[in-house]
Amino acid sequence: MSASSSVSAGSVSARAISADLLRIDAARETEKITSRLREIVFNQLKRKGAVVGVSGGIDSTVVAFLCARALGKERVLILLMPEADSSPDSLRLGRAVADALGTRPVLEDISPILKGARCYERRDAAIREVVPEYSAGYKSKIVLPNMVEADRYAIFSVVVESPDGKQKKVRLSLNAYLGIVAATNFKQRTRKMIEYYYADLMQYAVAGTPNRLEYDQGFFVKNGDGAADFKPIAHVYKSQVYQLAEYLGVPQEIRNRPSTTDTYSLEQSQEEFYFSLPLEKMDLCLYGKNNGIAAAEIALAADLDEKEIERAYKMIDSKRAVARYLRAAPALIEEVHGL
Amino acid sequence: MPMSNNFASEIRNFIACNFLYGREQIFGDSDSFLNEGIIDSTGVLQLVSFLEETYGITVEDEELHPDNLDSIKNVTAYLARKLSSEEEGNVAELQTTMQGGNA
C-alpha cells in the first residue's frame with residue numbers, strides 16, 4: 001500500500017511534522033508491484049523477460065531486484081553500460097547487484113559509440129563557448145543555483161576543473177547550455193539503444209527506472225532513459241524506494257550511496273543538477289503538493305521555512321510544465337482508427 | 001517618445017517573435033512571463049542574451065531574478081536602471097582618467 005493511498009489529505013495535519021508521512025508497508029508494495037509486473041511483461045506485452053540497465057544507483061537496483069522477484073532471475077538481463085565519464089564505482093556496484101541476484105551481467109562499454117557520435121567533442125566545443133581554455137584533461141559538470149532559498153531562475157552554470165585541480169564556475173549562454181545538454185543526451189539515448197538491442201534479441205521488455213520524483217518532474221531524457229516498456233517505480237516516492245531497497249535486501253553500499261547523475265566528469269549530485277533541495281525534502285514537498293497540504297505543515301516536516309516550501313511548490317509546477325513535452329507521445333494530425 | 005516606451009516596444013517585439021510564434025496572445029506590461037506560460041527558464045537565457053547583445057549591458061548572476069526580468073514592465077525598469085548606472089560609471093571613469101591626466 002502506498003503512502004499516497006493510505007493517507008488522505010484531510011487527516012494529514014497530525015502527522016505532518018513527521019517524515020513518517022512517506023512510510024509504506026514495503027512488503028505489501030513489493031507484492032503489488034511484482035504481481036503487476038508478471039501481468040504486464042508476460043500477458044500484456046507478451047515478452048519472455050526484462051532488460052534492466054543498472055547504474056549501481058538505488059533506482060535501477062531496486063527495479064532489477066523487483067524484476068528478478070517477479071519474473072525469476074533467469075529472465076532478467078542486467079546490462080552495465082559505462083562510458084568515459086562514468087565513476088568506476090558505477091561498474092563495481094552494478095556487478096555487485098548482479099552478484100546479489102545471482103545473475104551474470106552483460107558489459108557494454110558505450111564510449112566508442114559516443115566517440116563515433118562525437119558526443120564528447122560536441123560537448124567540449126559547447127563548453128569552450130564560455131570557457132575558451134577548456135581542453136584535454138579538464139573535467140566539468142553543470143549546476144543550478146538553489147532555487148528554494150530565493151526567487152531565482154533555473155539558469156545553469158558550468159563548473160570546470162583544470163588538470164591542476166583549479167575549479168571555476170561560469171554562467172552558461174543559451175547556445176552553450178543547449179549544446180552541452182544536446183551532446184550529453186547521447187549517453188542516455190545510446191544506453192537505451194543497447195537495451196533494445198538485447199530486448200529484440202531475447203524477446204524481452206525494457207524496464208524504465210524513474211522514481212516518482214523523476215517521472216513527475218521530468219528528470220529524464222526524452223527517448224533516452226525516458227523510453228521503456230514499463231516503469232515499475234514511477235509511482236513510488238524516492239524515500240519509499242529506499243524502504244523497498246531495505247526490504248528487498250539491496251546491498252548496504254548502494255543504499256548509502258548519494259544519488260548522482262553519473263553523466264558528467266566532475267561528480268554531480270541530483271540536487272545541484274535538478275532538484276535544488278535534498279531529495280528527502282523534495283519528496284516531502286512533492287507529496288505535500290500532490291495531497292493539498294499547506295506549505296506551513298510541510299515546512300515543519302521538512303525543516304524549511306514556509307516561504308521556501310512555497311517556492312518549491314512553484315518550482316514543481318514549472319518543471320511539470322517542461323516535463324509535459326518530455327512525456328508526450330508523438331502528436332498526430334488526426335486520430336488513426338483500427339489499430 | 002520616452003526611452004522606456006522604446007524599450008517596452010522592443011522587448012514586446014522580441015517576445016512576440018521568439019516565444020509566441022504568431023499566436024495572438026495578448027499580455028499586459030505587468031503580466032508575468034512565467035505565470036502566463038510565455039517564457040520558461042531557457043527562454044530567460046534567450047532574453048538575457050538579447051538584452052546583453054542589443055543594449056551592451058552585462059546581466060550579473062545576482063540580477064537574474066523575476067523582479068528584473070519577469071514582465072515587460074520589470075525588464076524595462078531594470079534596463080533603464082542598468083543603463084543609467086553604467087552611464088554614471090562611465091562618467092566617473094572618464095573624470096578619473098582626466099584627473100589622472102591633469103596630475
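What you see is a predicted model; the values in this text were computed from it and never measured.

Some thoughts on the confidence of the model for chain B
The predicted coordinates should not be examined in detail at positions where pLDDT is low.
Residue and element names in this part refer to chain B.
Thought 1: Averaged over every residue, the pLDDT of chain B is 83; the share at 70 or more is 79%.
Thought 2: Averaged over each element, pLDDT in chain B is lowest for helix α4 (residues 72-102) (77) and highest for helix α3 (residues 66-69) (93).
Thought 3: Overall fold confidence for the complex sits at a pTM of 0.87, while the interface term, ipTM, reaches 0.78.

Considering the domain arrangement of chain A
Residue and element names in this part refer to chain A.
Thought 1: The domains assigned to chain A are domain 1 (22-116 + 183-265) and domain 2 (277-324).
Thought 2: Here domain 1 and domain 2 have C-alpha centroids that lie 26 Å from each other.
Thought 3: Across the boundary between the two partners, domain 1 contributes nine residues, which contact 11 residues of domain 2.
Thought 4: Looking at the side of domain 1 that touches domain 2, the elements that each hand over two or more residues are α8 (212-217) and α9 (238-248).
Thought 5: Here the residues of the side of domain 1 that touches domain 2 sort into three nonpolar, four polar and two charged.

Focus: helix α4 (residues 88-101) of chain A
Residue and element names in this part refer to chain A.
Thought 1: Taking 1.5 Å of rise per residue, the 14 residues of α4 would be expected to cover 20 Å, and the 21 Å separating its terminal C-alpha atoms lies within 8% of that figure.
Thought 2: Lining the buried residues of α4 we find α3 (58-71), β2 (76-80) and α10 (252-256).
Thought 3: Immediately beyond the C-terminal end of α4, within one or two residues, lies G102, with a positive phi of roughly 75 degrees.

Quick word on the interface of chain A and chain B
Thought 1: Across the contact, 12 residues belong to chain A and 12 residues belong to chain B.
Thought 2: Mapped onto the side of chain A that touches chain B, the elements with two or more residues apiece are α7 (174-202) and α14 (306-327) of chain A.
Thought 3: Of the residues forming the side of chain A that touches chain B, the biggest block, three residues, is contributed by α14(A).
Thought 4: Of the residues in the side of chain A that touches chain B, the class split is seven nonpolar, two polar and three charged.

A word on the environment of L248(A)
Residues and elements named next belong to chain A.
Thought 1: Mapped onto the secondary structure, L248 falls in helix α9.
Thought 2: Classification of L248 as partly exposed rests on a count of 17 C-beta atoms within 10 Å.
Thought 3: In this structure the C-alpha to C-alpha distance between L248 and P330, which are 82 residues apart in sequence, comes to 37 Å.
Thought 4: If near-sequence neighbours (up to four positions away) are discounted, L248 is found in contact with T30, V62 and F65.

Details of the packing of helix α6 (residues 119-128) of chain A against α7(A)
All names here are of chain A.
Thought 1: The interhelical angle for the contact between α6 and α7, taken along N-to-C directions, is 165 degrees, at an axis separation of 8 Å. Here α6 is positioned roughly antiparallel relative to α7, judged by the angle of their axes. Our pair here, α6 against α7, has a crossing hand that is left-handed. Contact residues: α6 offers C119, R122, R123, A125, A126 and I127, while α7 offers A176, G179, I180, A183, T184, F186 and K187.
Thought 2: Here the contact of α6 with α7 is composed, by residue class, of eight nonpolar, two polar and three charged.

Thresholds applied
Residues numbered from 1 in each chain as written. Chains lettered and ligands numbered in written order. Predicted model: local features only at pLDDT ≥ 70, side-chain atom pairs only at ≥ 80, totals over all residues. pLDDT = per-residue confidence, 0-100. Helix = DSSP H or I, 4+ residues; strand = E, 2+ residues; numbered from the N terminus. Domains from an automatic or database assignment. Contact = placed C-beta atoms within 7 Å. Nonpolar A, V, L, I, M, F, W, Y, C, P; charged D, E, K, R; others polar. Expected span 1.5 Å × (residues − 1). Buried ≥ 20, exposed ≤ 12 C-beta atoms within 10 Å, placed from the backbone. Axes fitted to C-alpha atoms, helices over the stretch in contact; angles between N-to-C directions. Parallel < 35°, antiparallel > 145°, perpendicular 65-115°, else oblique. Left-handed = near helix turned anticlockwise from the far one by under 90°.

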